[in-house]
Amino acid sequence: EDQVTQSPEALRLQEGESSSLNCSYTVSGLRGLFWYRQDPGKGPEFLFTLYSAGEEKEKERLKATLTKKESFLHITAPKPEDSATYLCAVQYSDKIIFGKGTRLHILP
Amino acid sequence: ETGVTQSPTHLIKTRGQQVTLRCSSQSGHNTVSWYQQALGQGPQFIFQYYREEENGRGNFPPRFSGLQFPNYSSELNVNALELDDSALYLCASSFARDYGYTFGSGTRLTVV
């Protein structure tokens, strides 16, 4: 079955404590893997698109990487304003599947 | 015009009724997709339109239908509403398939 699994479901970090979020997928013919950030009551905000294994992209404190079966979102020295739900999505064939997200909470 | 706007922001309908949700995309964004998001879950893909033709569909019944118009607006229609249709409905657009999407803030639909 085609699916996207994100882990952990929730993560609490102290400000400045770096960590990684995982997104694993089981689809054939990946056309793109997306990372989004979603704040409560709002639509997802686009962060990155990755297309092939080995690709990496960075934006401020965030860095996304892609292998053949999973992607990582590394967050370095996070700040309280990085608290949000981080969603991973894969596009394959003519479909898009989202994971359930990781709820990230950064404590000051 | 920048951003994706959805209307209405909130809506209450009765089971069995029909509803139309609207979305206005950024100029030049010829790809639009619609999602259903339940509380605490990731968005579920309903369908996608590219240049006014449906070119992808998730596991939703035919009573979920849509249209995309030349002026970069689109709509989601749901017939015979069920209680389980209560959710946040999100519209997202992109200037090309396979690129990142810009999402609207959604329409919160409650079916009673």
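Here, the structure is the one placed above.
Below, the structure is looked at part by part. Remember, predicted model here, so these are calculated numbers, not experimental data.

Analysis parameters
Residues numbered from 1 in each chain as written. Chains lettered and ligands numbered in written order. Predicted model: local features only at pLDDT ≥ 70, side-chain atom pairs only at ≥ 80, totals over all residues. Heavy atoms only, no water. Helix = DSSP H or I, 4+ residues; strand = E, 2+ residues; numbered from the N terminus. Buried < 20%, exposed > 50% of the residue type's maximum accessible area, 1.4 Å probe, protein only. Contact = heavy atoms within 4.5 Å. Areas by Shrake-Rupley, 256 points an atom, 1.4 Å probe, with all protein chains shown as cover. Lys, Arg positive; Asp, Glu negative; His and termini not counted. Charge placed at Lys NZ, Arg CZ, Asp CG, Glu CD. Rg over C-alpha atoms; globule rule 2.2 N^0.38 Å. Pairing = 2+ DSSP bridges.

**Focus: the overall build of chain B**
Step number 1: Counting secondary structure elements, chain B contains 0 helices and 11 strands.
Step number 2: When the helices and strands of chain B are placed in sequence order, the string is β-β-β-β-β-β-β-β-β-β-β.
Step number 3: For chain B, the proportion of its 112 residues judged to be buried stands at 50%.
Step number 4: Across chain B, contacts joining residues at least 24 apart in sequence account for 54% of those joining residues at least 6 apart.
Step number 5: Carbon and sulfur atoms make up 48% of the accessible area of chain B, which totals about 5,300 Å².
Step number 6: Charge separation in chain B, taken as the distance between the mean sites of 8 positive and 9 negative side-chain charges, equals 5 Å.

**Some words on the overall build of chain A**
Step number 1: Assigned secondary structure in chain A consists of 0 helices and 11 strands.
Step number 2: Counting from the amino terminus, chain A carries its helices and strands in the arrangement β-β-β-β-β-β-β-β-β-β-β.
Step number 3: Relative to the compact-globule value of 13 Å for 108 residues, chain A shows a C-alpha radius of gyration of 13 Å, a close match.
Step number 4: If one aligns the C-alpha atoms of chain A with their principal axes, the spans along those axes are about 40 × 30 × 20 Å.
Step number 5: Within chain A, buried positions represent 44% of all 108 residues.
Step number 6: When the accessible surface of chain A is summed, it comes to about 5,300 Å², and 48% of that surface belongs to carbon and sulfur atoms.
Step number 7: Between the averaged position of the 14 positive side-chain charges in chain A and that of its 15 negative side-chain charges there is a distance of 2 Å.

**Describing the pairing of strand β5 (residues 44-50) of chain B**
Residues and elements named next belong to chain B.
Step number 1: In terms of burial, β5 is a largely internal element, 5 of the 7 residues being buried.
Step number 2: Looking at chain direction, strand β4 (residues 31-37) and β5 are connected through 6 bridges and run antiparallel. Paired with Thr-31 across the two strands is Tyr-50, which belongs to β5.
Step number 3: In this antiparallel pair of consecutive strands, β4 and β5, the connection spans 6 residues, and Gly-40 shows a positive phi of 80°.
Step number 4: In terms of strand pairing, β5 meets strand β6 (residues 53-57) through 4 bridges, oriented antiparallel. Pairing of Phe-47 across the sheet is with Arg-57, part of β6.
Step number 5: Linking β5 back to β6 in an antiparallel pair, the connection comprises 2 residues, with Arg-51 at a positive phi of about 50°.

**Here we look at the environment of B:Val111**
Residue and element names in this part refer to chain B.
Step number 1: Following the sequence through the fold, Val-111 ends up in strand β11 (residues 107-111).
Step number 2: Taking the C-alpha atoms as reference points, Val-111 and Val-78, separated by 33 residues in sequence, lie 11 Å from one another.
Step number 3: Each residue touching Val-111, except ones within four places of it in the same chain, is listed here: Lys-13, Thr-14, Arg-15, Leu-81, Glu-82, Leu-83, Asp-85 and Ser-86.

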